[in-house]
Amino acid sequence: MRVYITDLEAYNNGHLVGSWYDLPMNEDLLTEAIENELQRGKEVCESKHNHEEYFITDYECDYIKIGEYDSLTKLNKIAEKIEKLEKQEQAAIKLMLENALAPDINNAIENIDNFICTGESKMEDIAYNYLEETGALQNLPENLQNYFDYEAFGRDMEIEGSYYEDNEGILWEYVA
């Protein structure tokens, strides 16, 4: 997560004074970064006005949309939570938010165990694995088992709406 912090007073006076910051960062460093931007804004404007407000002019984040006046402290805490997650968990969070399976990032983190990476890239393979694990075809004679259409069954499973594909083409299952 990256944010571009801008001095509001300087901006209102026609000067874009700001810098990019990577979150998460130490809270003291975050406070210092904000103070530095406000001080730079005051110097650029050469004004006697108080430079007490900042806003976020731009951001880079795969997980959430960030507003101009979102709390940097809250964003920093979210970035800390995301950073503590493994890459696969981060991918799950992203998919949950992109597909509206969670109302917000905190809910997505809380329910991360409901989103399972199948490791497969085709629904046909998921259908095959499911039938093998459940033994659903074991009651059929072996010669009939070979006629089962895993591809069609995989399509039916996909239609149920609990499978989602990530950026790498891997399928995930949401088991709420």
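Note that the structure is a prediction, hence the values are computed from the model and not measured.

About the criteria used
Residues numbered from 1 in each chain as written. Predicted model: local features only at pLDDT ≥ 70, side-chain atom pairs only at ≥ 80, totals over all residues. Heavy atoms only, no water. Helix = DSSP H or I, 4+ residues; strand = E, 2+ residues; numbered from the N terminus. Buried < 20%, exposed > 50% of the residue type's maximum accessible area, 1.4 Å probe, protein only. Contact = heavy atoms within 4.5 Å. Areas by Shrake-Rupley, 256 points an atom, 1.4 Å probe, with all protein chains shown as cover. Patch = residues over 30% accessible without salt bridge, like charges linked within 9 Å, V, L, I, M, F, W, Y side chains within 5 Å. Salt bridge = Lys/Arg side-chain N within 4 Å of Asp/Glu carboxyl O. Axes fitted to C-alpha atoms, helices over the stretch in contact; angles between N-to-C directions. Parallel < 35°, antiparallel > 145°, perpendicular 65-115°, else oblique. Nonpolar A, V, L, I, M, F, W, Y, C, P; charged D, E, K, R; others polar. Pairing = 2+ DSSP bridges.

Chemist: It is not clear to me how the overall build of the chain should be interpreted in this structure. Could you clarify?
Modeler: Counting its regular elements, the chain contains eight helices and six strands. Seen in sequence order, the chain has helices and strands lined up from the N terminus as β-α-β-α-β-α-α-α-β-α-α-α-β-β. Within the span of the chain, comprising 176 residues, buried residues form 36% of the whole. In the chain, once contacts between residues fewer than 6 apart in sequence are set aside, the share between residues at least 24 apart is 56%. Accessible surface computed for the chain: about 11300 Å², of which carbon and sulfur atoms make up 42%.

Chemist: Looking at this structure, I do not really get a nonpolar patch on the surface. What am I missing?
Modeler: Together, Leu140, Leu144 and Tyr147 make up a nonpolar patch on the protein surface, roughly 350 Å² of accessible area in all. Owing to a relative accessible area of 37%, Leu140 belongs among the partly exposed residues under this scheme.

Chemist: Help me out: how do you make sense of the pattern of salt bridges in this one?
Modeler: Tallied over the full model, the rule gives four salt bridges. Through salt bridges with shared partners, a single ionic network connects Arg2, Asp22 and Glu60.

Chemist: It is not clear to me how the packing of helix α6 (residues 123–134) against helix α8 (residues 150–159) should be interpreted in this structure. Could you clarify?
Modeler: Relative orientation and spacing of two packed helices are given, respectively, by the angle between their axes and the distance between those axes. Interaxial distance between α6 and α8 falls to 7 Å at its minimum, and their mutual angle equals 95°. As summarised for this structure, α6 and α8 are arranged roughly perpendicular, according to the angle between their axes. Here α6 contributes Met123, Glu124, Ile126, Ala127, Tyr128, Tyr130 and Leu131 to the contact with α8, which in turn contributes Tyr150, Glu151, Phe153, Gly154, Met157 and Glu158. Classifying every residue of the contact of α6 with α8 gives nine nonpolar, one polar and three charged.

Chemist: I tried to follow the sheet that holds strand β1 (residues 2–7) on my own but got confused; where do I start?
Modeler: Sheet strands pair by backbone hydrogen bonding; their relative direction is either parallel or antiparallel. The three strands lie next to each other as β2-β1-β3, forming an open sheet whose pairing is antiparallel. The open sheet is flanked by β2 (18–22) and β3 (54–60), the only strands paired with a single partner. Strand after strand, the sheet turns through a mean of 25° between neighbouring axes, direction not considered. The pairing of β1 with β2 spans five bridges and is classified as antiparallel. Its bridge partner being in β2, Tyr4 is matched across the sheet by Trp20.

Chemist: Please clarify how the sheet that holds strand β4 (residues 115–117) should be interpreted in this entry.
Modeler: Spatial strand order, β4-β6-β5: three strands in an open sheet with antiparallel pairing. With partners counted over all chains shown, the strands left at the sheet margins are β4 and β5 (163–165), one partner each. Taking the axes of each pair of neighbouring strands and ignoring which way they run, one obtains an average angle of 30° across the sheet. The sheet contact formed by β4 and strand β6 (residues 171–174) spans three bridges and is antiparallel. Residue Cys117 lies in a different strand from β6, and its bridge partner there is Trp172. On top of the sheet, helix α4 (residues 87–98) reaches β4, β5 and β6; it is set at about 65° to β6, its chief contact.

Purely geometric numbers; function is a separate question.
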